[in-house]
Amino acid sequence: RTAPCRPCKMLFRMIRFIYRRLHPVLEWFWLRLGVLWRFLPQKWRTLVRCVRVAIGWQQPAGRSEPQASDEVQKEKASVPMEVDKSEEGEGQPEAAETEDELYCEYDSTWEDEEDQESTARRTRARGSSQRTRRPAASRYNKFSRFETATKDMQNYRHGYPCQIRPQRWSKPASNDKPNLNFYLGQTPSIPDGVYIHDFHKNWFGDYDTLEYVHTYIQWLFPLQEPGVNYEASILTKEEIQDFLKSNTAKKNLLMSYKLMLDFYGIELYNEETGEVRRASNWRERFDNLNSNTHNSLRITRILKCQGTLGFPHYQAPLVHFFLQETLVHGELPNIKDSVLNYYIFAVLNKTERRDLIKFAYLNYDLPDEFVWCPKKIQMMWSRSDIAEAMEWNN
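Residues numbered from 1 in each chain as written. Predicted model: local features only at pLDDT ≥ 70, side-chain atom pairs only at ≥ 80, totals over all residues. Heavy atoms only, no water.

1. A few points about the overall build of the chain
Our working definition: Under the scheme used here, helices are H or I runs from DSSP no shorter than 4 residues and strands are E runs no shorter than 2 residues, and both carry numbers assigned from the N terminus. Summary of the burial criterion: residues with accessible area below 20% of their type's maximum are buried, those above 50% are exposed, and those between are partly exposed, where the area comes from a 1.4 Å probe applied to protein chains only. The contact definition used throughout considers only heavy atoms, calling two residues in contact when any of these lie within 4.5 Å. Note on areas: Shrake-Rupley with a 1.4 Å probe; residue coverage comes only from the protein chains shown.
Secondary structure assignment for the chain yields 18 helices and two strands. Evaluated residue by residue, the chain yields a buried proportion of 48% over its 394 residues. Long-range pairs, those at least 24 residues apart, make up 70% of the contacts in the chain with a sequence separation of at least 6. For the chain, the accessible surface area stands at approximately 20,600 Å², while carbon and sulfur atoms represent 54% of it.

Right, here's the structure in full:
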């Protein structure tokens, strides 16, 4: 193979330079297109949908709304590469790292308190810079994606101990608690200019607007990490404390949750337990969710927000619902990886998280390719199933 000529190199460098300069402008323009969409007449929306169906066009996989295949890259880009586990107690004893090829150092699901304390001491002594990846794990493409996702979920579950730099293009907030004031109905979202009660009243059932406008989800479900709407504000610790004390804010968050569940073809069956079930229009909405997989990222945001703002008991029922639909009923195949890599590990309760992973393992169609828990745990479950079968036969 011959090396590129000098003019070609210069051309490539010029294209790369122009792209880097224009990329923020293109992102800004894409966000504004989402805002303009909701003001189009209904007949024009219908025409656009017909054209999309006719040509088989799917949602472009840009930075603003990644597809499922790019979800890991987005999560990786928004979270620092290294997490100081000396304060968190993540990880396992070093022996486990070499003995179990499916062990993930960023996942503490299977640890007890003693393991966490001993790991923290060893991590401080060894130093994060000395951590190396086991060669055995590199053979598993699924495990590699899972390991990358757990870095983000670990950071979330431990309250974002890593410092996240503010977005470069974000505007200064006009008040010190924009997310809380929005949920109290005192200020509108930006740039849509919609108050919380207007969202619940006018956007409920407006599936086209909920699908194609991308600037509202950061306001309805704020997090302590940046999103793609540069005019939304990151949730602060002070806002979280005040939010948890406000019945009005939590009631409005519950209404926002119902709004998005309806968009996905799901209904909240029990407000006390968080149990959900299929809505009457589930087939149509499932087709949309399976086709527009950028909604997987929105669901991950919803689960994180529930754990942060007073509804952690709602997490496991929603994740269990998606596990049943993807693994048992064979629905939503395009979001199955997101359910296994992200949804499960957004659940804060460790016992519930373990139960969900076991349910996933027992219903996974190819158990030998299951990479979402250590091999020794899978062997324990397998032996338990064999013992139960023998008892049943006797």
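Structure's up, so let's keep going.
2. Points about the nonpolar core
The line we're drawing: Residue types Ala, Val, Leu, Ile, Met, Phe, Trp, Tyr and Cys, when buried and joined through side-chain atoms within 4.5 Å, form a set referred to as a nonpolar core.
Residues Tyr216, Leu220, Met260, Ile266, Phe322, Leu323 and Ile344 are the most contacted members of the largest nonpolar core, which totals 81 residues. Contacts of Leu220, omitting those with residues within four sequence positions, involve Phe182, Tyr183, Ile196, Phe199, Leu253, Ser256 and Leu259.

3. Some words on the confidence of the model for the chain
Close inspection of predicted coordinates is inappropriate for parts of the model with low pLDDT. What counts here: Think of pLDDT as the predictor's per-residue confidence, scored from 0 to 100.
With 63% of its residues at a pLDDT of at least 70, the chain reaches an overall mean of 77. For the stretch residues 58–98, pLDDT sits under 50, and the model shows 114 contacts to residues farther than four places along the chain or on other chains. Of the regions scoring below 50 in pLDDT, residues 116–139 engages in 40 contacts with residues more than four places distant in sequence or in other chains.

4. With respect to a nonpolar patch on the surface
The cut-off we apply is this: The patches described consist of residues with a relative accessible area above 30% and no salt bridge, like charges being joined within 9 Å and nonpolar side chains (Val, Leu, Ile, Met, Phe, Trp, Tyr) within 5 Å. The term salt bridge refers to a pairing of a side-chain nitrogen on Lys or Arg with a carboxyl oxygen on Asp or Glu at a separation within 4 Å.
Residues Leu11, Met14, Ile15 and Ile18 make up a contiguous nonpolar surface patch of about 360 Å² in total accessible area. The residue Ile18 is located in helix 1 (residues 6–37) in this model. For Ile18, a relative accessible area of 41% gives the class partly exposed.

5. Focus on the pattern of salt bridges
Tallied over the entire structure, the rule returns twelve salt bridges. With a closest N to O distance of 2.5 Å, Lys258 and Glu271 form a salt bridge. Residue Lys258 is located in helix 12 (residues 247–263), and its partner Glu271 is located in the loop between strand 1 (266–268) and strand 2 (276–278); the two are separated by 13 residues in the primary sequence. Classification of Lys258 as partly exposed rests on a relative accessible area of 25%. Close ionic contact of Asp287 with Arg283 constitutes a salt bridge, the shortest N to O distance being 3.9 Å. Of the two residues, Asp287 and Arg283 are both situated in helix 13 (residues 282–291); the distance of four residues between them amounts to about one turn of the helix. Overall, the relative accessible area of 40% leaves Asp287 in the partly exposed class. Residue Arg283 is classed as partly exposed on the basis of its relative accessible area of 37%. Among the charged side chains, a salt-bridge network with shared partners connects Asp152, Glu225 and Lys304.

6. Some words on the side chain of Thr150
Counting through the fold element by element, Thr150 comes out in helix 6 (residues 141–157). Residue Thr150 is classed as buried on the basis of its relative accessible area of 2%. With residues up to four places along the chain from it excluded, the contact list for Thr150 reads Cys104 and Tyr106.

7. What to know about the packing of helix 15 (residues 315–328) against helix 17 (residues 350–363)
The criterion, for reference: The axes used here are C-alpha line fits, helices contributing only the stretch in contact, and every angle between their N-to-C directions lies in the interval 0 to 180 degrees. Should an angle fall under 35 degrees it is taken as roughly parallel, and over 145 as roughly antiparallel, whereas 65 to 115 is taken as roughly perpendicular and any remaining angle as oblique. Classification used: nonpolar for Ala, Val, Leu, Ile, Met, Phe, Trp, Tyr, Cys and Pro, charged for Asp, Glu, Lys and Arg, polar for all others including Gly.
Where helix 15 contacts helix 17, the axes come no closer than 10 Å and their chain directions differ by 5°. With respect to their mutual orientation, helix 15 and helix 17 come out roughly parallel. Of the residues in helix 17, those touching helix 15 at Ala316, Val319, His320, Leu323, Gln324, Leu327 and Val328 are Glu352, Leu356, Phe359, Ala360 and Asn363. Residues belonging to the contact of helix 15 with helix 17 are distributed by class as follows: eight nonpolar, three polar and one charged.

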